[in-house]
Amino acid sequence: MPSSMPISGRKGTARAGAGLRDGLRALLADIWKHRLSYLFMLPFFTAFTVFIILPIAAGIGFSMTNFNAVQAPDWVGWLNYQTLFSQDVVFLQNVLPNTFKFALFVGPFGFVLSFLLAWMIAQLPQMLRIGFALAMYAPSLTAGAAMAVVWQVAFTGDRTGFINHFLLQWGFIERPILFLSDKDYLLNIMILISIWGSMGIGFLAMLAGILNVDKQLYEAGKIDGISSRLQEIWYITIPSMKPQLLFAAVMSIVGMLKSSGAGKELVGMPTPDYAGQLIVTHIQDYGFIRYELGYASAISVFLLVLMLMLNQLLRRWFVPKEEE
Amino acid sequence: MRKLRIGLDGAQFAILLVLTLVSVFMLLPLVYVVNQAFKPLHELLLFPPTFIVRQPTLQNFVDLLAVTETTFVPATRYLLNSIIVTLLATAGMVVTGSLCAYPLSKHRVPGSKLFFGAIMLSLLFVEEVVAIPRFVIVQSLGIMNTYWGHVLPMIALPVGVFLLKQFMDQVPQELVEAAKIDGATEIGIFARVMLPLVAPAMATITIIAFQTAWGNMETSALFMQEDSMKTLAFFLSTLTPNLSNSVVRQGAAAAGALLLFLPSLIVFLLYQRKFIATMAHSGIK
């Protein structure tokens, strides 16, 4: 990334002592000089502001109100947040633990898994690589809800379901399992489906990152006494592709949030005993079923804060120290 | 180490074995959809359930059209909406994204660092999280039930600007300066120098934009109250609840899932090399 020169840099040190007004004038002149550049950025900037920045700001505003989409919102201050953390039993007893488990498996576990798969693919000759990369990537191309047709039929709760049929036939179980209405299974099935569909652009970024590592580094590593492939991965591959890993990690958070509606697609909403209710579905539950838009916005803001914290954590792990 | 005919050593052979098993797990549901989509009714009802279709038929695709006859909106209308929305939204995402990435990469514009920082943060953005304020905004813009209501909310694609900017950073600044000395206008430099050099990245974000628009259900669910304005992806998602009770709909839904999946797959297959080449520059530093 070429660091854009600080604005004061181009004026030289001779004018460093000049007043604030001169600085402001120089800045305005610099802005005017780049008016065409701003024009280039304007269409995206407008869409970005109206449909990304503004909704976040408005969401924070709504979260402090009681709002039902019909009447004007009433200001209630922190009440929605207080309710969320003290009285919303479903949120505290189901949604938070579910989200934590879902995020742990789909996030870190899915991330390590896609790194391992990408690494294995990179060890094969060119000819085989593309086939396997496609096999891993293809599931992420399926639009979420459309694939519910497969999972519903596969996990049907009587003996006509594929999985039940095979488990019965091979003698693993005595009677069919009600996969989708049993709260012990639903969340695990959602996790499985999400990992299945998670090898998207983040995975391809990792693959490209591994393939891009300078081959000479491995030669140099051998001379320095690296003896196993595991050491090679840990001391050479991972450090040389940290930027791609950070991108992949961010994409895996996005994928995780996108796929958290899987339970809704499998069995509708709300899921049995709230077994598949995650933060995103909790927002939809309050926003579009109960029309408590203020409260739903408070949950959204909580999720946004969680995501920002996660982002900071990831940056701390993946951004090389010397560039900080 | 003993070499196999294609030049694999022992470790590679083990890797090949593991990857083959994982690939089977990954592809099985897709193979299943393809088979299910072509199964005639009596095979869908068969017990024990079968995996591979024996007498392929197009009946499910016909049924898919028939499901909609009762709702006054033919499935072809949903398909037409999907095509219009996907074309407009993809063009919008690619044009605005590339226009924005160029000055971010090559001009030292005041404020651009801050803007790019905001774009990097918004890589995390998932529209589902702020669906409610987006609904309020679209409503107050008066674009509910119009194609604008589909297209405009999709246009800002932060990951597109990000990937293009990273790729444009690889183009030497000297090329841009040289074109400027030769008297090229900014638009000329952008169109004739920059775009051809970043063609792989353009292809990549076109694919990502296409997939985003083609599979999008959010705009139909939230911003379109009239059925005649909804898209194929959304229509198919309405077929899925309680599928295990309706075998006829299972076949139709599988046919629909296949229709949704194939265009994305074909577009990806056409450009996969460029895609992986672009991803090498996807790093966040």
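Residues numbered from 1 in each chain as written. Chains lettered and ligands numbered in written order. Predicted model: local features only at pLDDT ≥ 70, side-chain atom pairs only at ≥ 80, totals over all residues.

## As for the overall build of chain A
Helix and strand counts for chain A come out as 15 helices and two strands. Over its C-alpha trace chain A gives a radius of gyration of 25 Å, far above what one expects of a compact globule, namely 20 Å for 324 residues. Seen along its three principal axes, the alpha-carbon backbone of chain A occupies a region of about 85 × 70 × 35 Å. Counting over 324 residues, chain A shows a buried share of 41%. (Helix = DSSP H or I, 4+ residues; strand = E, 2+ residues; numbered from the N terminus. Rg over C-alpha atoms; globule rule 2.2 N^0.38 Å. Buried ≥ 20, exposed ≤ 12 C-beta atoms within 10 Å, placed from the backbone.)

## Some points on the overall build of chain B
Check the secondary structure of chain B and you find 14 helices and zero strands. Element order for chain B, N to C, with α for helix and β for strand: α-α-α-α-α-α-α-α-α-α-α-α-α-α. Each of the three principal axes of chain B carries a C-alpha extent, and together these read 75 × 70 × 30 Å. Here chain B holds 285 residues, and the buried ones make up 44% of them. Across chain B, contacts joining residues at least 24 apart in sequence account for 73% of those joining residues at least 6 apart. (Contact = placed C-beta atoms within 7 Å.)

## Let's talk about helix H5 (residues 126–137) of chain A
With twelve residues, H5 of chain A extends 17 Å between its outermost C-alpha atoms, agreeing within 8% with the 16 Å of an ideal straight helix rising 1.5 Å per residue. Along H5 of chain A, the residues classified as buried are Phe132, Ala133, Ala135, Met136 and Tyr137 of chain A. In this structure, the buried side of H5 of chain A is in contact with helix H4 (89–122) and helix H9 (201–212) of chain A together with helix H1 (10–37) of chain B. (Expected span 1.5 Å × (residues − 1).)

## What about the interface of chain A and chain B?
Opposite the 86 residues of chain A that make contact, chain B presents 82 residues. Top element by residues in the side of chain A that touches chain B is helix H2 (residues 35–62) of chain A. It accounts for 19 residues. Looking at the side of chain A that touches chain B residue by residue, the classes come out as 64 nonpolar, 18 polar and four charged. (Nonpolar A, V, L, I, M, F, W, Y, C, P; charged D, E, K, R; others polar.)

## Describing the domain arrangement of chain A
Residues and elements named next belong to chain A. Domain boundaries assigned for chain A yield domain 1 (15–79) and domain 2 (89–323). For domain 1 and domain 2, the distance between their C-alpha centres works out to 34 Å. Each partner contributes residues to the interface: domain 1 has twelve residues there, and domain 2 has nine residues. Breaking the side of domain 1 that touches domain 2 down by element, the ones donating at least two residues are H2 and strand E1 (65–66). Broken down by element, the side of domain 1 that touches domain 2 gets its largest block of residues, four residues, from H2. Here the side of domain 1 that touches domain 2 is built from residues that sort into seven nonpolar, five polar and no charged. (Domains from an automatic or database assignment.)

## Here we look at the packing of H2 of chain A against helix H6 (residues 131–141) of chain B
Two elements in contact, H2 of chain A and H6 of chain B, have axes whose closest approach is 8 Å; the angle formed by their N-to-C orientations is 115°. As far as their axial angle goes, H6 of chain B and H2 of chain A are roughly perpendicular. Crossing of H2 of chain A over H6 of chain B shows right-handed handedness. Each of Val50, Phe51, Leu54, Pro55, Ala58, Gly59 and Phe62 of chain A in H2 of chain A lies in contact with H6 of chain B, whose residues at this interface are Ile132, Pro133, Arg134, Val136 and Ile137 of chain B. Its residues assigned to classes, the contact of H2 of chain A with H6 of chain B comprises ten nonpolar, one polar and one charged. (Axes fitted to C-alpha atoms, helices over the stretch in contact; angles between N-to-C directions. Parallel < 35°, antiparallel > 145°, perpendicular 65-115°, else oblique. Left-handed = near helix turned anticlockwise from the far one by under 90°.)

## What to know about the environment of Asp227 of chain B
Residues and elements named next belong to chain B. Inspection of the secondary structure puts Asp227 in the loop between helix H12 (218–223) and helix H13 (232–239). Residue Asp227 is classed as partly exposed on the basis of its C-beta count, with 16 C-beta atoms lying within 10 Å. Counting along the chain gives 154 residues from Asp227 to Val73, while the straight-line C-alpha distance between them is 7.0 Å.

## With respect to the environment of Ala148 of chain A
Looking at the secondary structure, you find Ala148 of chain A in helix H6 (residues 148–154). Considered as a pair, Ala148 of chain A and Ala262 of chain A are 114 residues apart in the sequence and their alpha carbons are 8.0 Å apart.

## Some thoughts on the nonpolar core
Burial of nonpolar side chains together is a common tendency in soluble globular proteins. Grouped together as the largest cluster of nonpolar side chains are 161 residues, with contacts concentrated most on Leu204 and Leu207 of chain A together with Ala257 of chain B. Of the residues forming this core, the biggest block, twelve residues, is contributed by helix H14 (residues 247–279) of chain B. Both of domain 1 (15–79) and domain 2 (89–323) of chain A provide at least three residues apiece to this core. Once residues within four sequence positions are removed from consideration, Leu204 of chain A is found in contact with Tyr137 of chain A together with Phe275, Ile276 and Met279 of chain B. (Core = buried A, V, L, I, M, F, W, Y, C linked by C-beta atoms within 7 Å.)

## Re the confidence of the model for chain B
Residue and element names in this part refer to chain B. Residue-level pLDDT values for chain B average 87, and 92% of them are 70 or greater. Mean pLDDT across the secondary structure elements of chain B bottoms out at helix H3 (residues 59–67), with 80, and peaks at helix H7 (residues 147–155), with 95. Scored as a complex, the prediction yields pTM 0.88 and ipTM 0.89. (pLDDT = per-residue confidence, 0-100.)

## Concerning the environment of Gln93 of chain A
All names here are of chain A. Turning to its location among the elements, Gln93 is positioned in helix H4. Judged by the 11 C-beta atoms lying within 10 Å of it, Gln93 is exposed. Taking the C-alpha atoms as reference points, Gln93 and Tyr286, separated by 193 residues in sequence, lie 16 Å from one another.

## Details of unusual backbone geometry
Excluding glycine, residues mostly have negative phi values, and the peptide bonds linking residues are mostly trans. Residues and elements named next belong to chain A. Although it is not a glycine, Asp273 adopts a positive phi angle of roughly 55°. The topology assignment puts Asp273 in the loop between helix H13 (262–267) and helix H14 (279–289). A count of 14 C-beta atoms within 10 Å places Asp273 in the partly exposed class.

## A short note on the packing of H14 of chain A against helix H15 (residues 293–318) of chain A
Residue and element names in this part refer to chain A. The contact between H14 and H15 brings their axes to 8 Å, and the two run at 165°. As summarised for this structure, H14 and H15 are arranged roughly antiparallel, according to the angle between their axes. Crossing of H14 against H15: the hand is left-handed. Contacts between H14 and H15 involve Ile279, His282, Ile283, Tyr286 and Gly287 from the former and Leu293, Tyr295, Ala296, Ile299, Ser300 and Leu303 from the latter.

## Overview of the confidence of the model for chain A
Predicted confidence across chain A gives a mean pLDDT of 86, with 92% of residues reaching 70 or more. Here residues 1–12 of chain A scores under 50 on pLDDT; set against residues more than four positions off or in separate chains, the count is twelve contacts.

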